[in-house]
Amino acid sequence: MPSATLAPHRPNAAPAGNSLNYGGDAAGLICGYLLAANIAPREVDTVQAAQWLASIPSGAAPQGQFLWLHFNLSHAQAVRWMERHADLPEAFFDALKDRSVSTRIERDDDTLIAVLNDAHFDFAFEPSDIATLWTSVAPHLMVTGRTRPLRSVDALRTAVRSGNAPCSSVALLAELMRTQASGLVDIVRGVTQRIDDVEDALLAGRLDHKRARLGVLRRLLVRLQRLLAPEPAALFRLLQHPPAWMGSDDAQELRDSTEEFSVVLRDMQGLQERIKLLQEEIAASVQEANSRSLFVLTVVTVLALPINILAGLFGMNVGGVPLADNGHGFWIIVAVVAAFTAVAGWLALRGTRDP
């Protein structure tokens, strides 16, 4: 079997991780790294990756080496390159074709297929700022693909480039999930801060421009909860029957990342309840303000009722209008209106003094 070596890196070629090539190279590869324990990560392009994969047809990479290839699935050539060179299971390509966004992690023979959801790189606390990452993990190869830039993958990519790379493909998956959990913690903190602002505005009576924001935050948390909640359960099921090549240390890292993820999901559920209580309190405050306004309008209408009735009666252009020739008729009518208005006001306000 030929040795798994890479051709010398071409100095004039743009590296796969270059920011100018963020959308992917000619095959849609955003970044690629050759990783191994106690060896500095080496950046590779699609030509070098294809050469390395062709040199290990049995999937037995030398010295524990493995590749991480991250693709832009919006690129037309990405799936074709993976079908031609990566030897991935059909379940992975079926998931890509279905564009399924339901979170799951399952085993296909000796390969792990994962569909994960994460926040966009330019996340702005909107429910639509969630996208999907498709992942295939084998002992010698981890392939990830997305249609839009994701926070967790970018953070993992930065860690690998800085030399903090896991020593196995499963450890890399666990680090990806841990990074995803860290991103969710940031989201939870941001949502908590926004809820605190709404509470402060509620106490100060200034809710005009922030009431609608609670609904957006709740929809965001509900969408995250719906998409991400199946992930810990899927991992626990996988760890009951892990692949034979998965070591005990890798399984423990996955278990730890699952526990961190579960804690974040519980925090998100608590935030949903907090938002629900705030919405109910705000709705009660709005209803009370509307009732107060309606009461004031009712009182004003009742107080104006006597003068409107008398004005209508005395304004009729018919004979026999009383007090028409009386010099003090105006003041008599004023006294009558004042008396009826006082009585109407007493009747309207009497109910507010009842216990």
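The structure presented is a predicted model; accordingly, all values stated were derived computationally and were not measured.

What counts and what doesn't
- Here the residue numbers are simple positions, counted from 1 along each chain's written sequence.
- Under the rules for a predicted model, residues below a pLDDT of 70 receive no local features and side-chain atom pairs below 80 are neither given nor counted, while totals for whole chains, interfaces and linings still include all residues.
- As a rule here, side-chain values cover all heavy atoms of the structure and leave hydrogens and water aside.
- Strands here are runs of E lasting at least two residues and helices are runs of H or I lasting at least four, both read from the DSSP assignment and numbered beginning at the N terminus.
- Think of it in three bands: with a 1.4 Å probe and only protein chains considered, a residue is buried below 20% of the maximum accessible area for its type, exposed above 50%, and partly exposed in between.
- A 1.4 Å probe and the Shrake-Rupley method give the accessible areas. Residues count as covered only by the protein chains that appear here.
- We call two N or O atoms a polar contact when they sit within 3.5 Å, provided that within protein one can donate a hydrogen and the other can accept it, with sequence-adjacent residues counted only if both atoms are side-chain atoms.
- Every residue pair with non-hydrogen atoms within 4.5 Å of one another is taken to be in contact.
- In this scheme, strands are said to pair when DSSP sees at least two bridges between them.
- Angles here are taken between N-to-C directions and fall from 0 to 180 degrees, while the axes themselves are lines fitted to C-alpha atoms, restricted in helices to the stretch in contact.
- Throughout this description, the term salt bridge denotes a Lys or Arg side-chain nitrogen within 4 Å of a carboxyl oxygen of Asp or Glu.
- Definition used in this section: a nonpolar core is a set of buried Ala, Val, Leu, Ile, Met, Phe, Trp, Tyr and Cys residues joined via side-chain atoms within 4.5 Å.
- Patch criteria: residues need more than 30% relative accessible area and no salt bridge. Like-charged residues are merged within 9 Å; nonpolar side chains of Val, Leu, Ile, Met, Phe, Trp and Tyr are merged within 5 Å.
- When charges are tallied, Lys and Arg are placed among the positive residues and Asp and Glu among the negative ones, while His and the ends of the chain are skipped.
- Charge positions come from single atoms, namely NZ of Lys, CZ of Arg, CG of Asp or CD of Glu.

Below, the discussion takes up the overall build of the protein. Secondary structure assignment for the protein yields nine helices and seven strands. Looking at the protein residue by residue over its 355 residues, the buried ones come to 43%. By element, 56% of the accessible surface of the protein is carried by carbon and sulfur atoms, the whole surface being about 18600 Å².

Here we come to the side chain of Asn 117. Among the secondary structure elements, Asn 117 is positioned in strand S5 (residues 111-119). Of note is the side chain of Asn 117, whose polar atom sits 3.0 Å from the side chain of Thr 132.

It is worth spelling out the environment of Ser 136 at this point. Within the secondary structure, Ser 136 sits in strand S6 (residues 130-137). On the basis of relative accessibility, which here comes to 2%, the residue Ser 136 falls in the buried class. Here the alpha-carbon distance between Ser 136 and Ile 105, two residues 31 residues apart in the chain, equals 9.7 Å. Setting aside chain neighbours within four positions, we find Ser 136 in contact with Leu 88, Pro 89, Phe 92, Thr 111, Leu 112, Ile 113, Leu 141, Met 142 and Val 143.

Quick look at the environment of Phe 125 now. Structurally, the position occupied by Phe 125 is in the loop between S5 and S6. Residues Phe 125 and Val 191 lie 66 residues apart in sequence; the distance between their C-alpha atoms is 7.9 Å. Contact partners of Phe 125, with chain neighbours within four places excluded, come to Ile 187, Gly 190, Val 191, Arg 194, Arg 213, Val 216 and Leu 220.

When strand S1 (residues 29-36) meets strand S2 (residues 39-43), the two strands line up antiparallel, connected through three bridges. Along S2, the bridge assignment pairs Tyr 33 with Glu 43.

With that out of the way, let us pick up unusual backbone geometry. Notably, Asp 87 is not glycine yet its phi reads approximately 55°, a positive angle. Of the residues examined, Asp 87 reaches a relative accessible area of 69% and is grouped as exposed. Unusually for a residue other than glycine, Asp 109 sits at a positive phi of about 60°. By the secondary structure assignment, Asp 109 is in the loop between strand S4 (104-108) and S5. We classify Asp 109 as exposed; its relative accessible area is 63%.

Now for the sheet that holds S5. With mixed pairing, the seven strands of this open sheet are ordered in space as S2-S1-S3-S7-S6-S5-S4. The open sheet has two edge strands, S2 and S4, and neither has a second partner. Sheet twist, expressed as the average angle between the axes of neighbouring strands with direction ignored, equals 15°. Here five bridges tie S4 to S5, and the two strands are oriented antiparallel to one another. By the bridge assignment, Arg 107 is partnered in S5 with Leu 112. Here helix H3 (residues 90-98) sits on the sheet and contacts S4, S5, S6 and strand S7 (141-146); the angle it forms with S6, its principal contact strand, is near 165°. Along the sheet face, helix H5 (residues 169-204) touches S1, strand S3 (66-72), S4, S5, S6 and S7 and points at about 20° away from the line of S5.

This part is about the pattern of salt bridges. Following the criterion strictly, the structure yields six salt bridges and no others. In this structure, Arg 189 and Asp 186 form a salt bridge, with 4.0 Å as the shortest nitrogen-oxygen distance. Placement of the pair is Arg 189 and Asp 186 together in helix H5, with a separation of three residues, close to one helical turn. For Arg 189, a relative accessible area of 58% gives the class exposed. Where Glu 288 meets Arg 292, a salt bridge forms, and the shortest distance between an N and an O atom there is 3.2 Å. Taken together, the positions of Glu 288 and Arg 292, both in helix H8 (residues 248-314) and four residues apart, correspond to about one turn of that helix. One connected set of salt bridges, linked through shared partners, spans Asp 196, Glu 199 and Arg 274.

Judged by nonpolar contacts, the single largest core of 30 residues is most densely connected at Trp 68, Ile 105, Leu 172, Leu 173, Leu 176 and Leu 254. Those elements that place two or more of their residues in this core are S1, S3, S5, S6, helix H4 (151-161), H5, helix H7 (230-240) and H8. At six residues, the largest contribution of residues to this core is made by H5. The contact partners of Leu 173, leaving out residues within four places of it in the chain, are Leu 112, Thr 135, Val 137, Met 142 and Leu 254.

Here the focus is a negative patch on the surface. Together, Glu 83, Glu 90, Asp 94 and Asp 98 make up a negatively charged patch on the protein surface. The leading source of residues in the negative patch is H3, at three residues. Looking at the element boundaries, Asp 94 is found in helix H3. Judged by relative accessible area, Asp 94 falls into the partly exposed class, the value being 37%.

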